[in-house]
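This is what each chain is made of:
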Amino acid sequence: MTDISSLQQTVAAAQEAFDRTGEQHARSRKHLTGLINIVEENLREKRVALGQNEAQRERMTREYGQLRHMLHALVMTVEVGPREGLASIPAPAQAGMEPGARMGPVPLDPAANDAGPARNGEDEKGPARGGGGDPEKLRAGLKRIIEKKRARASQADEPKEPAPVT
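Being a predicted model, the structure only gives us computed values, none of them experimental.

A. Up close: the overall build of the chain. Per the secondary structure count, the chain includes two helices and two strands. Listing each helix as α and each strand as β along the chain from the N terminus yields α-β-β-α. For the chain, the residues scored as buried account for 10% of the 166 residues in total. Put simply, 53% of the contacts in the chain that link residues at least 6 apart link residues at least 24 apart. Accessible surface, the chain: about 14,200 Å² in total, of which carbon and sulfur atoms supply 58%.

B. Representation of the confidence of the model for the chain in the model. Mean pLDDT over the chain stands at 76; residues scoring 70 or higher make up 61%. The least confident element of the chain, judged by mean pLDDT, is strand S1 (residues 122–123) at 44; the most confident is helix H1 (residues 2–80) at 94. Below pLDDT 50 for its whole length, residues 106–110 participates in 13 contacts with residues either more than four positions away or in separate chains. Contacts of residues 112–128 to residues separated by more than four positions or lying in other chains number 16 contacts, the stretch itself having pLDDT below 50.

C. Seen up close, a nonpolar patch on the surface. On the surface, Leu 71, Leu 74, Val 78 and Ile 145 cluster together into a nonpolar patch covering about 340 Å² of accessible area. Sort the elements by how many residues they give to the nonpolar patch and H1 lands first, with three residues. As for its placement among the helices and strands, Leu 71 is situated in helix H1.

D. The arrangement of a positive patch on the surface in detail. A cluster of like positive charges, contributed by Arg 144, Lys 148, Lys 149 and Arg 152, occupies part of the molecular surface. You can see Arg 152 is positioned in helix H2 (residues 135–157). Residue classification places Arg 152 among the exposed positions, given a relative accessible area of 56%.

E. Spatial organisation of H1. With 79 residues, H1 extends 113 Å between its outermost C-alpha atoms, agreeing within 8% with the 117 Å of an ideal straight helix rising 1.5 Å per residue. Listed in full, the buried residues belonging to H1 are Gly 65, His 69, His 72, Ala 73, Met 76, Glu 79 and Val 80.

F. Here's a closer look at the pattern of salt bridges. Scanning the entire structure with this criterion turns up five salt bridges. Between Glu 41 and Arg 44 there is a salt bridge, with the nearest N and O atoms lying 2.9 Å from each other. Within this pair, Glu 41 and its partner Arg 44 are both found in helix H1, separated by three residues, close to a single helical turn. Classification of Glu 41 as partly exposed rests on a relative accessible area of 36%. The class for Arg 44 is partly exposed, based on a relative accessible area of 45%. Across the salt bridge formed by Arg 57 and Glu 58, the nearest N and O atoms sit 2.9 Å from each other. Here Arg 57 falls in the partly exposed class, since its relative accessible area comes to 44%. Residue classification places Glu 58 among the partly exposed positions, given a relative accessible area of 35%.

How each quantity is defined
Residues numbered from 1 in each chain as written. Predicted model: local features only at pLDDT ≥ 70, side-chain atom pairs only at ≥ 80, totals over all residues. Heavy atoms only, no water. Helix = DSSP H or I, 4+ residues; strand = E, 2+ residues; numbered from the N terminus. Buried < 20%, exposed > 50% of the residue type's maximum accessible area, 1.4 Å probe, protein only. Contact = heavy atoms within 4.5 Å. Areas by Shrake-Rupley, 256 points an atom, 1.4 Å probe, with all protein chains shown as cover. pLDDT = per-residue confidence, 0-100. Patch = residues over 30% accessible without salt bridge, like charges linked within 9 Å, V, L, I, M, F, W, Y side chains within 5 Å. Salt bridge = Lys/Arg side-chain N within 4 Å of Asp/Glu carboxyl O. Lys, Arg positive; Asp, Glu negative; His and termini not counted. Charge placed at Lys NZ, Arg CZ, Asp CG, Glu CD. Expected span 1.5 Å × (residues − 1).

As structure tokens, then:
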């Protein structure tokens, strides 16, 4: 009979261990469900943030295109001079520009596109000021203009020699 009672005790202990394992499994399952919910919530938040970042990137791309056009207009104004001004340069929408599209120089004279000696912005007298020519020459010219303006500004800022005090 001692064998039967020891077997009953072993079965009871096994039953208790099985119940504890079931409880642990239920707690683990609850924690796992909570973790899955947290991960799903984080994923939703990341998707919302990604959408916002994408919208901001698109906005910045549009602004970059606008700023690029404005810079081009400024360069053309400096290159052309005050006689034409910004009014002769079309806006990006008028020019049919897509965001990120590159603009070439805008010719001052519609006849500049005709065949003949003035075709590429040059004539018998040399390069025209209308945007034709080498971009490196344009950069060099802009650098010279900026250096001259800085030199004038620094000369204007230098104090004149004071009169001798007697």
